[in-house]
Amino acid sequence: MSAMTDSPRHFLDLSSFSEETLSRLLDRAAELKATRAPRDDLRGKTLALVFEKPSTRTRVSFELAMKELGGFTIVLSGKEMQLGHGESLGDTARVLGRYVHAVMIRTFDHAQVQEFARGAPMPVINGLTNFSHPCQVMADLLTVKERLGALKGRRVVWMGDGDNNVLTSWIQAGKIFGFTLTVCCPKELAPKPAALAGPVTVTHEPGAGLEGAEAVLTDTWISMHNADADRRRALLEPYRVDEARMKQAGANAMFMHCLPAHRGEEVTGAVMDGPQSAVWDEAENRLHAQKAILLWCFGKL
Ligand code: CP
């Protein structure tokens, strides 16, 4: 396979996109969800999925999305590749570019994805780094649109760990779509300055800003790259999303979590499995959002 000559369409961070482009992706995702049937948009195309961390939703949704669009996937573990034995990201990207038509990579440092993309002659998709998780938040935005309509002006509250990759992508989305985002987190776990790329209110008072919230978001307290689990649990205890917090937000507020969840830590079982929970829709919407992202990367949208 010869290298592509046009600049590849990478999907690395929401902050690189306009409202118009992301809206187009979300609209296509909704259409693909409404008419879910095998298609051949990506016939003959192969996506490599490179995982340096575990995954359920990202792996299954990308594999299935590619197959339902008529293409193929190859799943690779970073540990089993020469990447794990010192081959550079840039060299790996150039080699994969001779075999496959796009790569989704899940790794640790954000700089690794950026370095991989710089070397890649084909589109590269960020399947999660320690910094951001744009594919997840596309599915989340689709879920909000389905339940509430337009994104502009929505009132969203994040409770828990403020130094979180899903939150970074939510902050970026908030700037693009113009919704109000309050981050309620311990001061020791506040968003890093690099993540504060959009208008956001940060408060350390547990539950502050919940009144009138339309979506209450959280994520696991112990991410795959966190080593200080006991310290984090102690700091985050007052920020758990429980029934009292959802009552504070109001009966119409939806509860959102990218999963996997830990009932009894960041969220109670009653909220997670209760009537305000949107978590299963979010998980399903990974599939439809991933399809739209793939079509955009391949220049079909
Ligand atoms: N939310 C999410 O990215 O799930 P996985 O880690 O299972 O892919």
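The coordinates are above.
Residues numbered from 1 in each chain as written. Predicted model: local features only at pLDDT ≥ 70, side-chain atom pairs only at ≥ 80, totals over all residues. Heavy atoms only, no water.

(A) Inspection of the overall build of the chain at higher detail. A count of helices and strands for the chain gives ten helices and nine strands. Scaling as 2.2 N^0.38, a compact globule of 301 residues should have a C-alpha radius of gyration of about 19 Å, and the chain matches this with 19 Å. By residue count, 54% of the 301 residues in the chain fall in the buried class. Sequence-distant contacts, at least 24 apart, represent 74% of the contacts inside the chain between residues at least 6 apart. As presented, the chain carries roughly 12,600 Å² of accessible surface, and 51% of it is formed by carbon and sulfur atoms. In the chain, 35 positive and 36 negative side-chain charges are present, and the distance between their average locations comes to 4 Å. (Helix = DSSP H or I, 4+ residues; strand = E, 2+ residues; numbered from the N terminus. Rg over C-alpha atoms; globule rule 2.2 N^0.38 Å. Buried < 20%, exposed > 50% of the residue type's maximum accessible area, 1.4 Å probe, protein only. Contact = heavy atoms within 4.5 Å. Areas by Shrake-Rupley, 256 points an atom, 1.4 Å probe, with all protein chains shown as cover. Lys, Arg positive; Asp, Glu negative; His and termini not counted. Charge placed at Lys NZ, Arg CZ, Asp CG, Glu CD.)

(B) Examining the site of the ligand more closely. Taken together, Ser55, Thr56, Arg57, Thr58, Arg106, His133, Gln136, Cys258, Leu259 and Arg286 form the complete shell of residues around the ligand. Between the ligand and Gln136, the relevant distance is 3.0 Å, taken from a nitrogen atom to a side-chain nitrogen or oxygen of the residue. Here Arg286 contributes a side-chain N or O atom positioned 3.2 Å from an oxygen atom of the ligand. Summarising the interface, the protein chains cover 96% of the accessible area of the ligand, which totals 260 Å² for the free molecule. Classifying every residue of the shell around the ligand by side-chain character gives two nonpolar, five polar and three charged. (Near = heavy atom within 4 Å. Polar contact = N/O pair within 3.5 Å; in protein donor to acceptor, adjacent residues only side chain to side chain. Nonpolar A, V, L, I, M, F, W, Y, C, P; charged D, E, K, R; others polar.)

(C) Examining the nonpolar core more closely. Judged by nonpolar contacts, the single largest core of 56 residues is most densely connected at Phe11, Ile125, Met138, Leu141, Trp170, Phe177 and Leu294. Among residues more than four places away in sequence, those in contact with Leu294 are Leu42, Leu47, Phe62, Ala65, Met66, Leu69 and Ile125. (Core = buried A, V, L, I, M, F, W, Y, C linked by side-chain atoms within 4.5 Å.)

(D) Inspection of the environment of Met256 at higher detail. Among the secondary structure elements, Met256 is positioned in strand S9 (residues 254-257). When the C-alpha atoms of Met256 and Arg94 are compared, they prove to be 38 Å apart, with 162 residues separating the residues in sequence. Aside from chain neighbours lying at most four places away, what touches Met256 is Asp140, Thr143, Val144, Trp170, Ala215, Val216, Leu217, Thr218, Val279 and Glu282.

(E) Structural context of helix H4 (residues 110-119). Listed in full, the buried residues belonging to H4 are His110, Val113, Phe116 and Ala117. Summarising the axial view, the buried residues of H4 lie within an arc of 125°, below the 170-degree limit, and thus occupy one face. Looking at the buried positions of H4, the neighbouring elements they touch are helix H3 (89-96), strand S3 (102-106) and strand S4 (124-126). (Arc of directions from axis to C-beta.)

(F) Broad picture of the pairing of strand S1 (residues 46-51). Burial analysis of S1 places six of its six residues in the buried class, which makes it a mostly covered element. Of the two faces of S1, the one holding Thr46, Ala48 and Val50 and the one holding Leu47, Leu49 and Phe51 are both buried throughout. Two elements, S1 and strand S2 (residues 72-77), share six bridges in a ladder whose sense is parallel. Paired with Thr46 across the two strands is Phe72, which belongs to S2. (Pairing = 2+ DSSP bridges.)

(G) Seen up close, the side chain of Gln290. The topology assignment puts Gln290 in helix H10 (residues 279-297). Its relative accessible area of 0% is what places Gln290 among the buried residues. Not counting the four nearest positions on each side in its chain, Gln290 is found in contact with Ser61, Phe62, Ala65 and Cys135.

(H) Focus on the packing of aromatic side chains. Considering all chains together, one arrives at four aromatic pairs under this definition. Centre to centre, the rings of Phe11 and Trp296 are 6.5 Å apart; their planes meet at 70°, and the pair counts as edge-to-face. Linking Phe11 in the segment before helix H1 (19-34) with Trp296 in helix H10, this pair joins segments that are 285 residues apart in sequence. Take Phe11 and Trp296: they sit in the same class, and that class is buried. With a centroid separation of 5.6 Å and 65° between ring planes, the pair formed by Trp170 and Phe179 is classed as edge-to-face. Each member of the pair, Trp170 as well as Phe179, carries the same accessibility label: buried. The structure contains a cluster of three or more aromatic residues connected by ring pairs, namely Phe11, Phe17 and Trp296. (Phe/Tyr/Trp six-rings, centres within 6.5 Å; stacked < 30°, edge-to-face > 60°.)

(I) The arrangement of the pairing of S3 in detail. Burial runs high along S3: five of the five residues are buried. Burial of the side chains of S3 extends over both faces: Ala102, Met104 and Arg106 are buried on one face and Val103 and Ile105 on the other. Where S1 and S3 come together, five bridges link them in parallel fashion. Residue pairing across strands places Leu49 opposite Met104, the latter belonging to S3. Here S3 runs beside S4; their pairing, made up of three bridges, is parallel. Within the sheet, the bridge partner assigned to Ile105 lies in S4 and is Asn126. Running through H4, the crossover from S3 to the neighbouring parallel element S4 is right-handed. (Right-handed = clockwise from strand over helix to strand, strands pointing away.)

All quantities given are derived from atomic positions and should not be read as evidence of function.
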